[in-house]
Amino acid sequence: PGQPPAPPAGSAPGPARPGTKRLPRAIVVGVKKGGTRAVLEVIRVHPDVRALGTEPHFFDRNYHRGLEWYRSLMPRTLDSQITVEKTPSYFVTKEAPRRIFNMSRDTKLIVVVRNPVTRAISDYTQTLSKKPDIPTFEGLTFRNRSLGLVDTSWNAIRIGMYAVHLESWLQYFPLSQIHFVSGEKLITDPAGEMGKVQDFLGIKRVITDKHFYFNKTKGFPCLKKSESSGLPRCLGKSKGRTHVQIDPEVIEQLRDFYRPYNIKFYETVGQDFRWE
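Residues numbered from 1 in each chain as written. Predicted model: local features only at pLDDT ≥ 70, side-chain atom pairs only at ≥ 80, totals over all residues. Heavy atoms only, no water.

Colleague: Now, about the packing of helix α4 (residues 116–130) against helix α10 (residues 248–269): what can you tell me, with residues and values included?
Modeller: Between α4 and α10, the shortest axis-to-axis distance is 9 Å and the interhelical angle comes to 125°. The angle between α4 and α10 places the two elements in the oblique class. Contact residues: α4 offers P116, V117, A120 and I121, while α10 offers I251, L254, R255, Y258 and N262. Residue composition of the contact of α4 with α10, by class: seven nonpolar, one polar and one charged. (Axes fitted to C-alpha atoms, helices over the stretch in contact; angles between N-to-C directions. Helix = DSSP H or I, 4+ residues; strand = E, 2+ residues; numbered from the N terminus. Parallel < 35°, antiparallel > 145°, perpendicular 65-115°, else oblique. Contact = heavy atoms within 4.5 Å. Nonpolar A, V, L, I, M, F, W, Y, C, P; charged D, E, K, R; others polar.)

Colleague: If you had to explain the UniProt feature "active site" (unreviewed entry) in the protein chain to someone new, which residues and values would you point to?
Modeller: Mapped onto this numbering, the UniProt entry annotates "active site" (unreviewed entry) at K33. Examined against the element boundaries, K33 turns out to sit in the loop between β2 (26–30) and α1 (36–43). With a relative accessible area of 15%, K33 lands in the buried category. Setting aside anything within four residues of it in sequence, one finds K33 in contact with R114, R119, S122, D123, Q126, K239 and R241. (UniProt positions renumbered as here; feature names shortened; annotations may be inferred. Buried < 20%, exposed > 50% of the residue type's maximum accessible area, 1.4 Å probe, protein only.)

Colleague: Pulling in residues and values, what's your account of the packing of aromatic side chains?
Modeller: Across all of its chains, the model carries 24 aromatic pairs by this definition. With a centroid separation of 5.1 Å and an interplanar angle of 80°, the aromatic rings of F59 and Y70 are classed as edge-to-face. Placement of F59 in the loop between β3 (49–51) and α2 (67–73) and of Y70 in helix α2 is noted, with a sequence separation of eleven residues between them. For the pair shown, F59 and Y70 are each scored as buried. Among the aromatic side chains, those forming a connected cluster through ring pairs are F58, F59, Y63, W69, Y70 and Y90. Over the ring of F200 we find K108; its NZ or CZ atom is 5.5 Å from the centre of that ring. (Phe/Tyr/Trp six-rings, centres within 6.5 Å; stacked < 30°, edge-to-face > 60°. Lys NZ or Arg CZ within 6 Å of the ring centre and 35° of its normal.)

Colleague: Describe the packing of α1 against helix α9 (residues 190–201), with residues and values.
Modeller: Between α1 and α9, the shortest axis-to-axis distance is 11 Å and the interhelical angle comes to 65°. Judged by the inter-axis angle, α1 sits roughly perpendicular to α9. The two elements α1 and α9 cross, and the hand of that crossing is right-handed. Of α9, the residues touching α1 (which contributes V39, V42 and I43) are M194, V197, Q198 and L201. (Left-handed = near helix turned anticlockwise from the far one by under 90°.)

Colleague: Just give me the short version of unusual backbone geometry, but keep the residues and values in it.
Modeller: Glycine aside, residues mostly have negative phi angles, and peptide bonds mostly take the trans form. Of note, the amide linkage connecting G30 to V31 takes the cis form, showing an omega dihedral of -5°. Tracing the backbone through its elements, the reader meets V31 in the loop between β2 and α1. Even without a glycine there, the phi angle at H57 is positive, about 50°. Backbone geometry at R274 places phi at a positive 60°, although glycine is not the residue there. In this structure, R274 sits in the segment after α10.

Colleague: Outline the sheet that holds β2, listing residues and values.
Modeller: Pairing within the open sheet is parallel, and its five strands lie in the order β3-β5-β2-β6-β9. Since the sheet does not close on itself, it has two edges, and those belong to β3 and β9 (178–182), each with one partner. Between one strand axis and the next, the sheet turns by 25° as a mean value, whatever way the strands run. Relative to β9, strand β6 (residues 108–113) is paired through five bridges, and the arrangement is parallel. (Pairing = 2+ DSSP bridges.)

Colleague: Go over the pattern of salt bridges with me, naming the residues and quoting the values.
Modeller: Under the criterion given, the structure shown has 15 salt bridges. Of the charged contacts in the structure, one is a salt bridge between R44 and E41, with a shortest N-O distance of 3.5 Å. The residues R44 and E41 share a single accessibility class, namely buried. Between R259 and D256 there is a salt bridge, with its nearest N and O atoms 2.9 Å apart. Of this pair, R259 and D256 both sit in helix α10, separated by three residues, roughly a single helical turn. Using a relative accessible area of 29% as the deciding quantity, one classes R259 as partly exposed. Of the residues examined, D256 reaches a relative accessible area of 41% and is grouped as partly exposed. When salt bridges that share partners are traced, they join K32, R119 and D123 into one network. (Salt bridge = Lys/Arg side-chain N within 4 Å of Asp/Glu carboxyl O.)

Given below as C-alpha cells:
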C-alpha cells in the first residue's frame, strides 16, 4: 500500500520522442562552402532520415569527449530511420578517416564538392564578412604572384585540393562508401542530385522535383516545405552571398593550379565535374 499506481505501459515521462539515440550511419564530411547545409536541410525532409542540425565537430575538435558524448547529441530514431550529421571540416582533417572507421567501418560518407576556384572565393567572402581587415584575396593566394606560386598553406586554397585529401579517406574506406555530390548540380538540378543521395543511403526516392521551387532573389532552389514547420524553407542570409570581385588573371592562375588536382580527382572517383 501507499505505492503510486504504475504508469500505463508504453508511456514515457514528459514529451520524450520515441526511438533511440544512435551513432550516425551517414556523415556529410565535406567540403566547406560546397553546399553541405543545403544537402542536410533537404535530406532531413525525408521521413527515414533524422539529422543533427548543428555541426558537432566530433571527429576533429571534440574527439576527446568520447563516443557516448557524441551519441548523446544525436536525434532519436526508429529502427527504420538513418541518423545523419554533417561537419564539412572532417574532409580535410588527417585523423577523421581513421576515427570514423573505428566508430564503424560501414559508415556512409557524403562529400559535396564544388569548383575549387569558386569555393575558395566563397570561403574568402565568408571570412571577409566576419573580419573586414584581412588582406586581399590575391595577397593570401600567392606566395609569389609574379612566379605564380600559390600558397597551399592557406586553408581556402588547401581545401580545394580534393585529390590530396581523398587519399587519406581511401586508406580506410572503399569508393563505394563515399558519395560525391556536385555543388553546381545541386543548384541546377537539385532533385536529380538528391535522388542520387537517396539511392546511396538506400532509402526510397521520396524527395523529388515536387519539393523544390527556384527562388529568383536568392538565385537558387528552395524547399517548398521544411521538416519542422511545413513552411517554405530557403537557406539563411549567410548563404548565397555576392562574391568579392577577383582579377580575372588571378582566377586564370588558380585554374591552372587546380587543373592537375581536378583531373586526378575525376580519375580517382570516376566522375567528371566539368570544372575546366
